[in-house]
Amino acid sequence: MHVLILGGTTEARALAGLLEAHGSELRVTSSLAGRVAQPRLPVGEVRIGGFGGAEGLADWLRAHRVDAVIDATHPFAERISFNAARAAATAHVPLLALRRPGWVPVDGDDWHDVGSLEEAARALDGLGQRVFLTTGRMGLAAFADCPQWFLVRSVDAPDTPMPPRTEVLLDRGPFTLDGERELLRRHRIDVLITKDSGGAATAPKLTAAREAGVPVVVVRRPPAPEGVPVAATPEEAAAWVRER
Ligand code: NAP
């Protein structure tokens, strides 16, 4: 059985590890987009780069005799998820989405929901002047006209337009609560912007913000394709593969 994992997340790597443990009865290929210069690689076979849209992915599934696809991409990687749904239907290959649940506010949180990065930029007015921006380097242009000071944390250096007053911090999760507390304190952060990525690896910033009374602008998730079964954990996804 050949399983394709569309990856780029902690959960995708964990799933590859779980499936590799099955040994030779299972061939597992993980696919990465190639956005990160030095990605953390999962165990097993890895291919890197786009497929050429839904049609290209459908061709790839047929050519490589894929028996099941797991879309374990980031909840904000909208295009590849819709491509996966179309390609799996075209190639008649079963598809499962592995999507970690979104974050939910708890007592003491001051969250401001927005629908896009552009809306997040507009929401800053009146919330704060020293912004901790954790939405990744790809959408930075949405903040290019913002007058506030920004601490931008990203894995690779941004190469798009940025706000004029920006300090870039190159780092990648998982992050610790102590580290996040220290970051907010040292940079006198008074507003945090995050995507609703979910998961534990980047959640400590939310706790640190709550403790410090820092408001959080939360970019809500884009729509996901309908009719695709969803697993919330790598273990659930591995069980789905075993059932096949
Ligand atoms: P996207 O907008 O949904 O996808 C854009 C294009 O990139 C796709 O059409 C596809 O190209 C290619 N692609 C995306 N994921 C791929 C994968 N796993 N394997 C092969 N090709 C892939 O995606 P994105 O938001 O740029 O994210 C790119 C990757 O980074 C994803 O794998 C995602 O899991 C990871 N990631 C994204 C975020 C985020 O906030 N968006 C955060 C952390 C990690 P073709 O059409 O040519 O096939």
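Predicted model, so just to flag it, every value in this text is computed and none were measured.

Looking at this structure, I do not really get the site of the ligand. What am I missing?
In the region of the ligand, 21 residues are neighbours, and Gly-7, Ser-31, Phe-51, Gly-52 and Lys-195 sit closest. A distance of 2.9 Å separates an oxygen atom of the ligand from a polar backbone atom of Gly-52. At a separation of 3.3 Å, an oxygen atom of the ligand approaches a polar backbone atom of Glu-78. Protein contact buries 79% of the 810 Å² of open area that the ligand shows by itself. A total of four residues in the shell around the ligand trace back to one element, the largest contributor, which is helix α3 (residues 78-91). Partitioned by chemical class, the residues of the shell around the ligand number six nonpolar, 10 polar and five charged.

Is there a simple way to think about the environment of Leu-117 in this case?
Secondary-structure assignment places Leu-117 in helix α4 (residues 117-123). Under the relative-accessibility criterion, Leu-117 is labelled buried at 15%. The contact partners of Leu-117, leaving out residues within four places of it in the chain, are Thr-135, Gly-139, Ala-142, Phe-143 and Val-219.

Would you mind going over a nonpolar patch on the surface with me for this structure?
Among the surface-exposed residues, Leu-41, Val-46 and Ile-48 lie close enough to one another that they form a single nonpolar patch of about 260 Å² accessible area. Tracing the backbone through its elements, the reader meets Leu-41 in the loop between β2 (27-32) and β3 (45-48).

How do you make sense of unusual backbone geometry when you look at a structure like this?
Comment: phi is negative for the bulk of residues other than glycine, and the bulk of peptide bonds are trans. Cis peptide bonds are those with omega within 30 degrees of zero, and the linkage from Gly-173 to Pro-174 qualifies with 5 degrees. Among the secondary structure elements, Pro-174 is positioned in the loop between β9 (166-170) and α5 (177-186). Phi angles above zero are rare outside glycine, and Arg-65 is one such case at about 50 degrees. Within the secondary structure, Arg-65 is located in the loop between α2 (53-63) and β4 (68-71). One non-glycine residue with positive phi stands out, namely His-92, at about 55 degrees. Position of His-92 relative to the elements: it lies in the loop between α3 and β5 (95-98).

Looking at this structure, how should I read the environment of Gly-52?
One can find Gly-52 in the loop between β3 and α2. Sequence separation between Gly-52 and Asn-83 is 31 residues, and the spatial gap between their C-alpha atoms is 9.6 Å.

Hey, could you run me through the packing of helix α1 (residues 10-20) against helix α7 (residues 234-243) in this one?
Helix-helix packing is described using two parameters, namely the angle between the two axes and the distance between the axes. Remark: α1 packs on α7, axes separated minimally by 9 Å, with the N-to-C direction vectors making an angle of 45 degrees. Looking at the two axes, α1 sits oblique to α7. Both α1 and α7 take part in a crossing whose hand is right-handed. For the pair α1 and α7, contact is made by Glu-11, Ala-14, Leu-15, Leu-18 and Leu-19 and by Pro-234, Glu-235, Ala-237, Ala-238 and Val-241, respectively. A breakdown of the residues in the contact of α1 with α7 according to their chemical character gives eight nonpolar, no polar and two charged.

Reading the values: rules and limits
- Residues numbered from 1 in each chain as written.
- Predicted model: local features only at pLDDT ≥ 70, side-chain atom pairs only at ≥ 80, totals over all residues.
- Heavy atoms only, no water.
- Near = heavy atom within 4 Å.
- Polar contact = N/O pair within 3.5 Å; in protein donor to acceptor, adjacent residues only side chain to side chain.
- Areas by Shrake-Rupley, 256 points an atom, 1.4 Å probe, with all protein chains shown as cover.
- Helix = DSSP H or I, 4+ residues; strand = E, 2+ residues; numbered from the N terminus.
- Nonpolar A, V, L, I, M, F, W, Y, C, P; charged D, E, K, R; others polar.
- Buried < 20%, exposed > 50% of the residue type's maximum accessible area, 1.4 Å probe, protein only.
- Contact = heavy atoms within 4.5 Å.
- Patch = residues over 30% accessible without salt bridge, like charges linked within 9 Å, V, L, I, M, F, W, Y side chains within 5 Å.
- Salt bridge = Lys/Arg side-chain N within 4 Å of Asp/Glu carboxyl O.
- Axes fitted to C-alpha atoms, helices over the stretch in contact; angles between N-to-C directions.
- Parallel < 35°, antiparallel > 145°, perpendicular 65-115°, else oblique.
- Left-handed = near helix turned anticlockwise from the far one by under 90°.

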